[in-house]
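Residue-level structural notes
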Amino acid sequence: MSAAIIAAARAAIGARFRLHGRDPATGLDCVGLAALALQAGGAKGQAPRGYALRSGDAEAVGAMIAAAGMVACVAPRAGDLLLCRAGPGQLHLMIDSGGGVIHADAMLRRVVERPGPPPWPVVGRWRVAEQPEKGE
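Since this is a predicted model, take the numbers as computed values, not measurements. (Residues numbered from 1 in each chain as written. Predicted model: local features only at pLDDT ≥ 70, side-chain atom pairs only at ≥ 80, totals over all residues. Heavy atoms only, no water.)

**Here's the deal with the overall build of the protein**
Of the regular secondary structure elements, the protein holds 3 helices and 8 strands. Classification of the 136 residues of the protein by burial places 43% in the buried group. For the protein, restricting intrachain contacts to residue pairs at least 6 apart in sequence, the fraction spanning at least 24 positions comes to 60%. Roughly 7100 Å² of accessible area belongs to the protein as shown, and the carbon and sulfur atoms make up 58% of that amount. (Helix = DSSP H or I, 4+ residues; strand = E, 2+ residues; numbered from the N terminus. Buried < 20%, exposed > 50% of the residue type's maximum accessible area, 1.4 Å probe, protein only. Contact = heavy atoms within 4.5 Å. Areas by Shrake-Rupley, 256 points an atom, 1.4 Å probe, with all protein chains shown as cover.)

This is how it looks when you write it as structure tokens:
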């Protein structure tokens, strides 16, 4: 599951940044990248529309993520969805790639993978709920 999430996120590297973008061919924002990657990993639901990450309301964004079927977690694992506080009143989603993070970088105007820890404080971490094997 996490390998599929990371592979889908990496496949989008180089896609241009576009606010509210949902398609790598025309551009992605952080929510579009997260939805693309997480759906590849088995997440249910669609990317939210009309969201306001600039509100700075991490609890409201966390509730949206949980409503999409994601499970909050503490221990880091590659493929996790990270919610970061990118600035005062500004939140940002990233995918944990194991040795770094993959995200839609508004400053660089494209999807990138950067090594090391996230550049901003992580305020939440979620992953796709494990699906039981058939026959269990």
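The structure having been displayed, the exposition proceeds.
**Observations regarding the sheet that holds strand 3 (residues 70–72)**
The antiparallel open sheet is built from 6 strands, whose spatial order is 3-8-4-5-6-7. The open sheet has two edge strands with one neighbour each: strand 3 and strand 7 (110–115). Along the sheet, successive strands turn relative to each other by an average axial angle of 35°, direction set aside. When strand 3 meets strand 8 (residues 122–128), the two strands line up antiparallel, connected through 3 bridges. What sits directly across from A72, in strand 8, is W126. This element, helix 2 (residues 30–40), spans strand 3, strand 4 (81–87), strand 5 (90–96), strand 6 (100–105), strand 7 and strand 8 of the sheet and lies at about 30° to strand 5. (Pairing = 2+ DSSP bridges. Axes fitted to C-alpha atoms, helices over the stretch in contact; angles between N-to-C directions.)

**Some remarks on unusual backbone geometry**
The backbone phi angle of H20 is positive, close to 65°, even though this residue is not glycine. Position of H20 among the secondary structure elements: in the loop between helix 1 (2–11) and strand 1 (22–23). Overall, H20 belongs to the partly exposed group, its relative accessible area being 36%. Unlike most non-glycine residues, R109 shows phi in positive territory, near 65°. Within the secondary structure layout, R109 lies in the loop between strand 6 and strand 7. Its relative accessible area of 46% is what places R109 among the partly exposed residues.

**Considerations on the side chain of S97**
If you trace the backbone, S97 turns up in the loop between strand 5 and strand 6. Residue classification places S97 among the buried positions, given a relative accessible area of 8%. A polar side-chain atom of S97 sits 2.9 Å from a polar atom in the side chain of E113. Here S97 is in contact with I6, R10, A78, I102 and E113, once residues within four sequence places are set aside. (Polar contact = N/O pair within 3.5 Å; in protein donor to acceptor, adjacent residues only side chain to side chain.)

**Remarks on the packing of helix 1 against helix 2**
Taken N-terminus to C-terminus, the directions of helix 1 and helix 2 make an angle of 140°; their axes are 7 Å apart at the nearest point. Between helix 1 and helix 2, the angle falls in the class oblique. Of the two elements, helix 1 crosses helix 2, and the hand of that crossing is right-handed. Here helix 1 contributes A4, I5, A8 and A9 to the contact with helix 2, which in turn contributes L33, L36, A37, L38 and A40. Its residues assigned to classes, the contact of helix 1 with helix 2 comprises 9 nonpolar, no polar and no charged. (Parallel < 35°, antiparallel > 145°, perpendicular 65-115°, else oblique. Left-handed = near helix turned anticlockwise from the far one by under 90°. Nonpolar A, V, L, I, M, F, W, Y, C, P; charged D, E, K, R; others polar.)

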